[in-house]
Each structure stands twice: as C-alpha cells, then as structure tokens.
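Analysis of the macromolecular model
Listed below are the residues making up each chain.
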Amino acid sequence: MSVQLARLADASMTVAVSRAAPGDLAAGVETKLRRLDGVRAVESMELRGLQPGLNDLTVEVEVTLALDADLPDEPSALAAGFEDAFGVSAVTVEATRGVPPDPGDGAAADAV
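Report on the accompanying structure. Quick caveat: nothing in here was measured; it's all calculated off a predicted structure.

**What to know about the environment of Ser 76**
- Note that Ser 76 resides in helix H2 (residues 75–83).
- The exposure class of Ser 76 is partly exposed, given its relative accessible area of 49%.
- Sequence-wise, Ser 76 and Val 91 are 15 residues apart; in three dimensions their C-alpha atoms are separated by 9.1 Å.

Here it is as structure tokens:
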C-alpha cells in the first residue's frame, strides 16, 4: 500500500468568517481553512488581528497547515491557490517542509 505523506506550510493570511458561523472565531477560521483544496488539517493557528464587518469578521492569522503531497512545493503557487478560495486573501506562504515518516505506520520498515 502506498502512503502519501503530507507536507507542512507556514503561512499568514486574512480570513473572513461569517458572524452566523457556529462556534467561536477560532473554530470558524479553522473550518474555513480545512475547506481549502489540498489542506488536510490545521496544525497550529494564531489569531493576530480582528476587523469587524457588517456580516462577517475578518481576522489575520498565522497558521501551519498540513497539505496533501500532490500540492506544488513553490510557496508562491500555494499562496495563489489559497487566495482563490472565497473569504481568504493576503496569503503569504513563508515555508514548506516535509513531514517525517511515522515509524508506527510501517513506512519506515518499508524504506529499509
């Protein structure tokens, strides 16, 4: 069985969250980010700035995202792809890095 390991991307961006979204602001941001194409999970997130709007809240965030292995390696290409999503803007991807294999999943044994 082939296992595609995820990569991590460190990024900053602005995310608009509906005022009617369930949960708190952090949950709303995480939900929106998990819906981005190629994002497996939000590994870490720090809310930086908040701008209230009529129907939404716009928040600046610093995040580390777990990505599908088939997304581009180039930070500018990742940023452009994320900015295509509704409610996500001012994306800067600072760095990407691979995720080391988990010895518990058997991938390390296959490599030997």
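Once you've had a look at it, read on.
**Concerning the sheet that holds strand S3 (residues 56–67)**
- If you trace the 4 strands from one edge of the open sheet to the other, you get S2-S3-S1-S4, paired in antiparallel fashion. Single-partner strands in this sheet number two, and they are strand S2 (39–52) and strand S4 (88–98). The average angle at which neighbouring strand axes cross in this sheet is 20°, direction not considered.
- Inspection of the sheet shows strand S1 (residues 7–18) paired to S4 by 8 bridges, in the antiparallel sense.

**Concerning helix H1 (residues 25–34)**
- Among the residues of H1, those classed as buried are Gly 28, Val 29, Lys 32 and Leu 33. One side of H1 holds all its buried residues, which, seen down the axis, span an arc of 130°.
- At its buried positions, H1 is contacted by S1, S2, S3 and S4.

**Observations regarding the pairing of S3**
- Across 12 bridges, the pairing between S1 and S3 is antiparallel. For Ser 12, the partnering residue across the bridge sits in S3 and is Glu 62.
- Direction of pairing for S2 relative to S3: antiparallel, over a ladder of 11 bridges. Residue pairing for S3: Pro 52 is matched across the bridge by Leu 57.
- Where S2 folds back onto S3 in an antiparallel hairpin, the turn is made up of 3 residues.

Analysis parameters
- Residues numbered from 1 in each chain as written.
- Predicted model: local features only at pLDDT ≥ 70, side-chain atom pairs only at ≥ 80, totals over all residues.
- Heavy atoms only, no water.
- Helix = DSSP H or I, 4+ residues; strand = E, 2+ residues; numbered from the N terminus.
- Buried < 20%, exposed > 50% of the residue type's maximum accessible area, 1.4 Å probe, protein only.
- Pairing = 2+ DSSP bridges.
- Axes fitted to C-alpha atoms, helices over the stretch in contact; angles between N-to-C directions.
- Arc of directions from axis to C-beta.
- Contact = heavy atoms within 4.5 Å.

None of this, on its own, says anything about what the molecule does.
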